[in-house]
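# Report on the structure
Residues per chain, in single letters:
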Amino acid sequence: MISRTGSSKGVRGFTLIELLVVIAIVSITLGLVTPVFRKTFSDIQLKTCVQDMVSLIRYAKEHAIVKNTTLRFNLDTKEGSYWLTKKEQDKDVFRRLSGNLGRRYISPSGLQIETKENYIDFYPDGELTQAEIRITNPNKKSLTIFLKPNIGNNIAVSENEE
C-alpha cells in the first residue's frame, strides 16, 4: 500500500522499465533462434521424406520377390509425388496397387526431387533398374538415393551439401 506521504510499505513488483527490458531481450533471442529452427525443420522434412521413399522402395523390392511379380516405383518430379504399380500377368501394363501402398505419396512442399528416370522396376529375381534420386531442401542440403543392380544391398543414401 502507498501511504499518504507517497512511500510504499511491503509492496514489491517490477517497474515498467524492467518489464520492457525483459520483453526486448526475449524478442531479440527469438529473432536470432527462429532461422535456426526453420533450417532444422527443413532438414527434418528432407530426412523424413527420404526415409519414407526408401521404405517404399525396399517394400517394392521385397514384394516383387515374395509375390513373384514385377513392381514399379513411379516418380513425378514436377508434383513431387511417388507411388507403386504392379505389372499385370502376361501384359506390359502396370496398374496401381490396391490399398494404402498404392496411394500417391506427396513430398513436403519446398523439397525438390530430381532423377533421370521416372520409374524403377523391381523384378522377381531381386534385380532392379539402376536409378539415382536426389532430393533437395530450400537450404540447398540434399540427399541422394542410389539404386544399383547386381549388388547385394543395392539401395544406399548419400548426403550432399551445396
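To start, this report covers the structure provided alongside it. Throughout this document, residue positions are counted from 1 along each chain, in the order its sequence is written. Whole-chain, interface and lining totals are the exception, using all residues; otherwise, since this is a predicted model, local features are given only for residues with pLDDT of at least 70 and side-chain atom pairs are given and counted only at 80 or more. Side-chain calculation: all heavy atoms of the structure are included, whereas hydrogens and water are not.

### What to know about the side chain of Thr-115
By the secondary structure assignment, Thr-115 is in strand 5 (residues 112-115). Between N or O atoms, a polar contact is any pair within 3.5 Å; within protein, one atom must be a potential hydrogen donor and the other a potential acceptor, and residues adjacent in sequence are included only when both atoms are from side chains. At a separation of 3.2 Å, a polar atom in the side chain of Thr-115 contacts the main-chain carbonyl oxygen of Glu-117. Among the polar contacts made by the side chain of Thr-115, one reaches the main-chain carbonyl oxygen of Glu-132 at a distance of 2.9 Å. Only heavy atoms enter the contact rule, under which two residues are in contact if any of them lie within 4.5 Å. Setting aside chain neighbours within four positions, we find Thr-115 in contact with Leu-75, Thr-77, Glu-132 and Ile-133. Under the DSSP-based scheme used, a helix requires at least four consecutive residues in state H or I and a strand at least two consecutive residues in state E, with every element numbered from the N terminus.

### With respect to the packing of aromatic side chains
By convention here, two paired aromatic rings are described through the distance between centres and the angle between planes. Paired rings are identified among Phe, Tyr and Trp, the last through its six-membered ring, by centres lying within 6.5 Å, and are further divided according to the angle between planes into stacked (under 30 degrees), edge-to-face (over 60) and tilted (the rest). Scanning the model with the defined rule gives 2 aromatic pairs in all. Summarising the aromatic geometry, the rings of Phe-73 and Tyr-82 are spaced 5.6 Å apart at their centres and angled 35° between planes, so their arrangement reads as tilted. As far as burial versus exposure is concerned, Phe-73 and Tyr-82 are alike and both buried. Measuring from centroid to centroid gives 5.4 Å for Tyr-82 and Tyr-105, while their planes differ by 10°, and the two rings are stacked. Only protein chains enter the accessibility calculation, which uses a 1.4 Å probe; a residue whose area is less than 20% of its type maximum is buried, one above 50% is exposed, and one in between is partly exposed.

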